[in-house]
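Close look at the chain arrangement
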Amino acid sequence: YQTPGKATPEMQVLKLEEDIEKARSKNKPLPPGFFAHLGYQYLQMGRTEDAKVSFESEKRQFPESAVLMDRFLKKFKTKAKKK
């Protein structure tokens, strides 16, 4: 994305989901940070459950991201307790 300011979260999610399908069809891995970015875009759209799944995928595939992903996931738990 050369001009990310022009790429809305919806546009980015569409492209990222296409990339997931392409990678799966070729049995190729996705790079570190991919699911974290996808999760962030889902959050921007208000799709919190999809965001959680993406953050958990990032953590599972790249254990070195666990500290950051746990921090993001903890925010979901904190918000759920407040309700």
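If you're wondering where the values come from, they're calculated on a predicted model, not measured in any experiment. (Residues numbered from 1 in each chain as written. Predicted model: local features only at pLDDT ≥ 70, side-chain atom pairs only at ≥ 80, totals over all residues. Heavy atoms only, no water.)

**Digging into the nonpolar core**
In a soluble, globular protein the nonpolar side chains are often hidden away together inside. Grouped together as the largest cluster of nonpolar side chains are 15 residues, with contacts concentrated most on Ile20, Leu30, Phe34, Phe35, Leu38 and Phe55. For this core, the secondary-structure elements that each account for two or more residues are α1 (9-25), α2 (34-45), α3 (48-61) and α4 (66-82). With 5 residues, α2 is the largest single contributor of residues to this core. In this structure, phenylalanine 34 is in contact with Leu16, Asp19, Ile20 and Glu58, ignoring residues within four places of it in sequence. (Core = buried A, V, L, I, M, F, W, Y, C linked by side-chain atoms within 4.5 Å. Buried < 20%, exposed > 50% of the residue type's maximum accessible area, 1.4 Å probe, protein only. Helix = DSSP H or I, 4+ residues; strand = E, 2+ residues; numbered from the N terminus. Contact = heavy atoms within 4.5 Å.)

**What to know about the layout of surface pockets**
Roughly 160 Å³ of volume is contained in the second largest pocket. Lining the second largest pocket, in full, are Glu17, Ile20, Glu21, Arg24, Phe35, Leu38, Tyr42, Arg47, Asp50, Val53, Ser54 and Ser57. Secondary structure elements with two or more residues in the lining of the second largest pocket: α1, α2 and α3. For the lining of the second largest pocket, the per-class residue count stands at 5 nonpolar, 2 polar and 5 charged. (1 Å grid on protein atoms, 1.4 Å probe; cavity = no way out; pocket = protein on both sides within 12 Å on 5 of 7 lines; lining within 4 Å. Points joined across faces, edges and corners; volume = space filled by probe spheres on them. Nonpolar A, V, L, I, M, F, W, Y, C, P; charged D, E, K, R; others polar.)

**Some details on the pattern of salt bridges**
One pass over the structure, following the stated rule, counts 6 salt bridges. The closest approach of N and O atoms between aspartate 19 and lysine 15, which form a salt bridge, is 3.2 Å. Taken together, the residues aspartate 19 and lysine 15, both in helix α1 and 4 residues apart, mark about one turn of the helix. Take aspartate 19: its relative accessible area is 22%, and that puts it in the partly exposed class. Across the salt bridge formed by aspartate 70 and lysine 59, the nearest N and O atoms sit 2.5 Å from each other. One end of the pair, aspartate 70, is in helix α4; the other, lysine 59, is in helix α3, with 11 residues separating them in the sequence. (Salt bridge = Lys/Arg side-chain N within 4 Å of Asp/Glu carboxyl O.)

**Concerning α2**
In a regular helix each residue adds 1.5 Å, so 12 residues correspond to 16 Å; α2 covers 17 Å between its end C-alpha atoms and thus fits that length. Turning to α2, its buried residues are Phe34, Phe35, Ala36, Leu38, Gly39, Gln41 and Tyr42. A positive backbone phi angle near 85° is found at glycine 46, which sits one or two residues after α2. (Expected span 1.5 Å × (residues − 1).)

Spatial relationships are all this shows, so hold off on functional conclusions.
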